Amino acid sequence: MSALEIRNVSKIYPNGKVATQRADISIETGEFVVFVGPSGCGKSTLLRMIAGLESVTSGDILLADERINDLEPADRNIAMVFQNYALYPHMTVFNNLAYGLINRKYPKAEIQKRVEATAKMLQLSEYLHSKPKELSGGQRQRVAMGRAIVREPKLFLFDEPLSNLDAKLRNTMRLEIKALQRRLKTTAVYVTHDQVEAMTMADKIVILNRGTVEQIGTPQAIYHRP
Ligand code: ADP
Ligand code: ADP
């Protein structure tokens, strides 16, 4: 069973711009898939359609064999990590992590348990009462990841999460994200314009060009052709 199926998906924006053309992508459970390509090739559009933040013009998106085209984002069991952290500055780390679960009316004990386990995994346990501005860039990035992890989603989506970080932190976080995904075994789609990220993180790379899927393959197959 595929974790995620993108079948013949196209996106035409109201202004007539064709951002995705007949994309076919199949992603297996536990795979780390990277969408790569230059600015404007349609990476974010595709990711946003998967998340439900943008409508699909034609074609189908299936998550664990269920067609999700018409589901609200909150009903998709998908969590997204953004580049700008998207943390709430006035809330503590605990509440940033707990926010989505509180909204969904999870029992208090369950929230406590999940937030503490996530904080531990991300080495944030001693910062649960801190505000985002008291954290380092890497720690903030981890809180952003934690907000996705506590939801225990079927799928993680990463939209260029490291592009605002300096080179050193980017390298560290690249390894951390990859290690975490391996440990959680959650299927992940990661969008970047950075070929190094694609090569080092991906189980499978999808190269997009002007809205079409140009190539799909392992990093070895794509970047080490004889
Ligand atoms: P990428 O993420 O690879 O940079 P995008 O998916 O953001 O690419 O954009 C793909 C194409 O669609 C670009 O030409 C972009 O200008 C266009 N586009 C993106 N969002 C919109 C929108 N809301 N309305 C019209 N065109 C858009
Ligand atoms: P609610 O949907 O109850 O307000 P959220 O803030 O968790 O709770 O969700 C807001 C929307 O943004 C949802 O549609 C959800 O899919 C998405 N979302 C929420 N949190 C995250 C997150 N950490 N990563 C990605 N997407 C999220």
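Fair warning: this is a prediction, and the values are worked out from it, not measured in the lab.

Neighbouring ligand 1 are Y13, N15, K17, A19, P38, S39, G40, C41, G42, K43, S44 and T45. Note that an oxygen atom of ligand 1 is positioned 2.7 Å from one of the backbone N or O atoms of G40. Looking at which element gives the most residues to the shell around ligand 1, the answer is helix 1 (residues 43-51), with three residues. Broken down by class, the residue content of the shell around ligand 1 amounts to four nonpolar, six polar and two charged.

This part takes up the sheet that holds strand 5 (residues 66-67). One key point about sheets: their strands pair by backbone hydrogen bonds, in either a parallel or an antiparallel sense. A sheet is described by the order of its strands in space; here four strands give the open sequence 2-1-4-5, paired in antiparallel fashion. What marks the edges here is a single partner per strand, and that holds for strand 2 (18-28) and strand 5. With seven bridges connecting them, strand 1 (residues 2-12) and strand 2 associate as antiparallel partners. Looking at strand 2, one finds that K11 is bridged to T20. Here helix 1 sits on the sheet in contact with strand 1, strand 2 and strand 4 (58-63), set at roughly 120° to strand 1.

Under the definition given, this model contains five aromatic pairs. Note on F32 and F158: the rings are 6.3 Å apart at their centroids and 25° apart in plane angle, and the pair reads as stacked. One end of the pair, F32, is in strand 3 (residues 32-36); the other, F158, is in strand 7 (residues 155-159), with 126 residues separating them in the sequence. For F32, a relative accessible area of 0% gives the class buried. Its relative accessible area of 3% is what places F158 among the buried residues. The interplanar angle of 50° and the centroid separation of 4.6 Å between the aromatic rings of Y88 and Y99 together place this pair among those described as tilted. Taken together, the residues span a long stretch of sequence, with Y88 in the loop between strand 6 (78-81) and helix 2 (93-103) and Y99 in helix 2 at a distance of eleven residues. Taking the relative accessible area as the measure of exposure, Y88 reaches 30% and is therefore partly exposed. Judged by relative accessible area, Y99 falls into the partly exposed class, the value being 29%.

Taking 1.5 Å per residue, 13 residues should reach 18 Å; helix 4 (residues 137-149) reaches 18 Å between its end C-alpha atoms and fits that length. Of all 13 residues that make up helix 4, eleven are buried, and the element is covered over most of its length. Within helix 4, burial applies to G138, Q139, Q141, R142, V143, A144, M145, G146, R147, A148 and I149. Buried residues in helix 4 make contact with strand 6, helix 2, helix 3 (108-121), strand 7 and helix 5 (167-184).

Reading guide: rules and limits
- Residues numbered from 1 in each chain as written.
- Chains lettered and ligands numbered in written order.
- Predicted model: local features only at pLDDT ≥ 70, side-chain atom pairs only at ≥ 80, totals over all residues.
- Heavy atoms only, no water.
- Near = heavy atom within 4 Å.
- Polar contact = N/O pair within 3.5 Å; in protein donor to acceptor, adjacent residues only side chain to side chain.
- Helix = DSSP H or I, 4+ residues; strand = E, 2+ residues; numbered from the N terminus.
- Nonpolar A, V, L, I, M, F, W, Y, C, P; charged D, E, K, R; others polar.
- Pairing = 2+ DSSP bridges.
- Contact = heavy atoms within 4.5 Å.
- Axes fitted to C-alpha atoms, helices over the stretch in contact; angles between N-to-C directions.
- Phe/Tyr/Trp six-rings, centres within 6.5 Å; stacked < 30°, edge-to-face > 60°.
- Buried < 20%, exposed > 50% of the residue type's maximum accessible area, 1.4 Å probe, protein only.
- Expected span 1.5 Å × (residues − 1).

Note that all results are geometric; they support no functional claim without further evidence.
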